[in-house]
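# Coordinate analysis (summary)
Listed below, chain by chain, are the residues.
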Amino acid sequence: METENFKTVGIIAEYNPFHCGHAYHIQKAREITGADYVIAAMSGDFVQRGTPAVFDKYTRAQMALLCGVDLVLELPNAFATSSAEDFAAAGVALLDKLGVVSSLCFGSEYGQTDVLVSLAERLLEEREEDSVALKRCLASGMSFPAAREKVYGALSPSSMDWNSPNNILGIEYCRAILKRHSSIRPITIRREGMGYHETANDGEGMPESLTHTNTENQKTFWSATAIRQALKKMELSGLDLGNTESNSNRSTMEPKFDPSAIPPAVLPLLLSGKPLYPDDISSALNYALLTLSKEGRDFSSYLDVSKELGQRLTHILLSPASFEERIFQLKTRQYTYTRISRALLHILLGITDADTARWKQEAVDYVPYARILGFKKTALPLLKSIRAHAKIPLITQVKREIEGISKDGMTLLQQDIYASHLYQALLASKYQIPAKNEYQAGHHLLGYESNTSI
């Protein structure tokens, strides 16, 4: 779709944190699509892996704006922390409802859009024989990703890696576009080199490799996972993130933080940022578990928590454990690390199966609003076009611009606000700083006065 004589490409991302690979993706997305504007639909303060984002959503939005994105919108928290299917469905729904996005550009290890679309079409058919085979695999004790590979792997080229999280997400993006009958055109960029090699993930978009290589310029990009690991080790060691000499003296077995992995414009934000890690939510989770148990709440009513998993959690409730230790207490061949991590996070955030089912229904349809986290001054024409063509309200401040949002849509927005307030409370406790209020927080602007009407 061309609107107001310009083209817009959408990107669905976490930027957890932003690095040179992300900057390269944005650059290539512009080049391939000829887009005038780039919109990023970004996870908020918690991410799909079932953990807090390493930096808060406003910091990560600023990073993206400094490196080529024109407008950053927040993915609703309930779906940003959900399965690959729901994560993709929400991201596509948000971009589609803006009425100005002509293409969606994403990275994948396989790198051939037509094949990913064909596989998405087969998944969308929901053939009975596929469903029966999938249930049989799950009943045998396979995890969902392993069962899916068993059933659908034979339909794809031999070079197609079903254990690759970005391939899986790419298929889900294509399936979401087809399911919505959207005019958005999917375009994938091949991830070169090592790609994402999972060491503890369920194949649903969770990168675990240290690096991947862009063969076009022979530059090795660090993955977001490698950067988080290095930052955490350095924090625990009390080292200066920007001191490369102190890094070189550390064990060669540990990831060493390399400032060149981060775009120069972003590096000051990263070095001055206040990171959160999974274990930083341990006390909050343990308190929530004990409180819900006292109230007689059924853990299995929460998203991603099965009856069996809820019962196992009840049995170890009083065992002292950090967040990550709790995951390993519960982990089995059937329940992957990420599945359990998401389940625990959904208990902490109060995201239930019933709520999620309502938010998927037509009245809400995953995303009933587009909440701005940041934009550039040069994106003013884009914002005006969205105002004119979008099917959902564009929210710049929570206190206003919420007309037209249904009751269920408002509960989804309140879930976003609660999640961010919890994140801010954790930050305030860890760093002894004031917590930000979502009702007062303005979007981050680059070269644009905050009191100017859009």
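Residues numbered from 1 in each chain as written. Predicted model: local features only at pLDDT ≥ 70, side-chain atom pairs only at ≥ 80, totals over all residues. Heavy atoms only, no water.

Looking now at the overall build of the chain. Secondary structure assignment for the chain yields 18 helices and 12 strands. The buried share of the chain, taken over its 454 residues, is 60%. Counting only contacts in the chain whose residues sit at least 6 apart along the sequence, the fraction spanning at least 24 positions is 74%. When the accessible surface of the chain is summed, it comes to about 18800 Å², and 50% of that surface belongs to carbon and sulfur atoms. (Helix = DSSP H or I, 4+ residues; strand = E, 2+ residues; numbered from the N terminus. Buried < 20%, exposed > 50% of the residue type's maximum accessible area, 1.4 Å probe, protein only. Contact = heavy atoms within 4.5 Å. Areas by Shrake-Rupley, 256 points an atom, 1.4 Å probe, with all protein chains shown as cover.)

This brings us to the pattern of salt bridges. Within the structure shown, the criterion is met by 21 salt bridges. In this structure, the salt-bridge partner of Glu-172 is Arg-175, at a minimum N-O distance of 3.0 Å. Of this pair, Glu-172 and Arg-175 both sit in helix H8 (residues 165–180), separated by three residues, roughly a single helical turn. With a closest N to O distance of 3.6 Å, Asp-408 and Arg-358 form a salt bridge. Of this pair, Asp-408 sits in helix H18 (residues 407–431) while Arg-358 sits in helix H16 (residues 353–360), and the two are 50 residues apart along the sequence. In this structure, a network of salt bridges that share partners links the residues Lys-57, Glu-74, Arg-371 and Glu-438. (Salt bridge = Lys/Arg side-chain N within 4 Å of Asp/Glu carboxyl O.)

With that out of the way, let us pick up the packing of helix H5 (residues 113–125) against H8. Running from N to C, H5 and H8 point in directions that differ by 65°, and their axes come no closer than 8 Å. H8 is crossed by H5, and the crossing has right-handed handedness. Side by side, H5 and H8 meet where Leu-116, Val-117, Leu-119, Ala-120, Glu-121, Leu-123 and Leu-124 of the first sit next to Asn-167, Gly-170, Ile-171, Cys-174, Arg-175, Leu-178 and Lys-179 of the second. The residue inventory of the contact of H5 with H8, partitioned by class, reads nine nonpolar, two polar and three charged. (Axes fitted to C-alpha atoms, helices over the stretch in contact; angles between N-to-C directions. Left-handed = near helix turned anticlockwise from the far one by under 90°. Nonpolar A, V, L, I, M, F, W, Y, C, P; charged D, E, K, R; others polar.)

This part is about the environment of Ile-227. With respect to the element layout, Ile-227 can be found in helix H9 (residues 224–237). Among the residues examined, Ile-227 registers a relative accessible area of 0% and is labelled buried.

Residues of H16 that are buried include every one of Asp-355, Thr-356 and Trp-359, and no others. Along the axis of H16, the buried residues cluster in a sector spanning 95°; they form a single face. Buried-residue contacts for H16 involve helix H3 (77–80) and H18. (Arc of directions from axis to C-beta.)

Throughout the structure, instances matching the rule amount to six aromatic pairs. Between the aromatic rings of Phe-106 and Tyr-173, the centroid separation amounts to 5.3 Å while the plane-to-plane angle is 55°, which identifies the pairing as tilted. Of this pair, Phe-106 sits in strand S6 (residues 103–108) while Tyr-173 is found in helix H8, placing the two residues 67 residues apart along the sequence. The same class applies to Phe-106 as to Tyr-173, namely buried. (Phe/Tyr/Trp six-rings, centres within 6.5 Å; stacked < 30°, edge-to-face > 60°.)

Okay, the side chain of Arg-326 next. By the element assignment, Arg-326 lies in helix H14 (residues 323–330). Put simply, Arg-326 is tucked away with no salt bridge, and the nearest opposite charge, on Glu-325, sits 8.0 Å away. Side-chain polar atoms of Arg-326 contact the backbone oxygen of Ile-316, separated by 2.8 Å. Sequence-distant contacts of Arg-326, defined by excluding residues within four places in its chain, comprise Asn-286, Leu-289, Leu-313, Ile-316, Leu-317, Ser-319, Ala-321 and Leu-344. (Lys, Arg positive; Asp, Glu negative; His and termini not counted. Polar contact = N/O pair within 3.5 Å; in protein donor to acceptor, adjacent residues only side chain to side chain.)

Turning next to unusual backbone geometry. Residue Pro-17 is bonded to the preceding Asn-16 through a cis peptide linkage, with omega at 0°. In this structure, Pro-17 sits in the loop between strand S1 (8–13) and helix H1 (20–33). The phi angle at Glu-126 is positive, at roughly 50°, despite the residue not being glycine. Relative to the helices and strands, Glu-126 resides in the loop between H5 and helix H6 (128–139). Here the phi dihedral of Tyr-366 falls at roughly 70°; this positive angle occurs in a residue that is not glycine. Looking at the element boundaries, Tyr-366 is found in the loop between H16 and strand S10 (370–376).

To continue, consider the pairing of S10. Extensive coverage of S10 is indicated by the burial of seven of its seven residues. Bridge analysis of strand S5 (residues 71–74) against S10 gives four bridges, and the strand direction is antiparallel. Counterpart to Val-72 in the pairing with S10 is Gly-374. Handedness of the crossover joining S10 and strand S11 (residues 394–395) through helix H17 (residues 380–389): right-handed. (Pairing = 2+ DSSP bridges. Right-handed = clockwise from strand over helix to strand, strands pointing away.)

The next subject is the environment of Arg-358. Classification of Arg-358 by relative accessible area gives partly exposed; the value is 32%. Taking the C-alpha atoms as reference points, Arg-358 and Gly-409, separated by 51 residues in sequence, lie 9.1 Å from one another.

Mean pLDDT over the chain: 85, with 84% of residues reaching 70 or higher. In the predicted structure, residues 193–218 sits below a pLDDT of 50 and forms 85 contacts with residues beyond four places in sequence or in another chain. (pLDDT = per-residue confidence, 0-100.)

Its location among the elements puts His-19 in the loop between S1 and H1. The class for His-19 is buried, based on a relative accessible area of 1%. From its side chain, His-19 meets the backbone nitrogen of Ala-224 in a polar contact 3.4 Å long.

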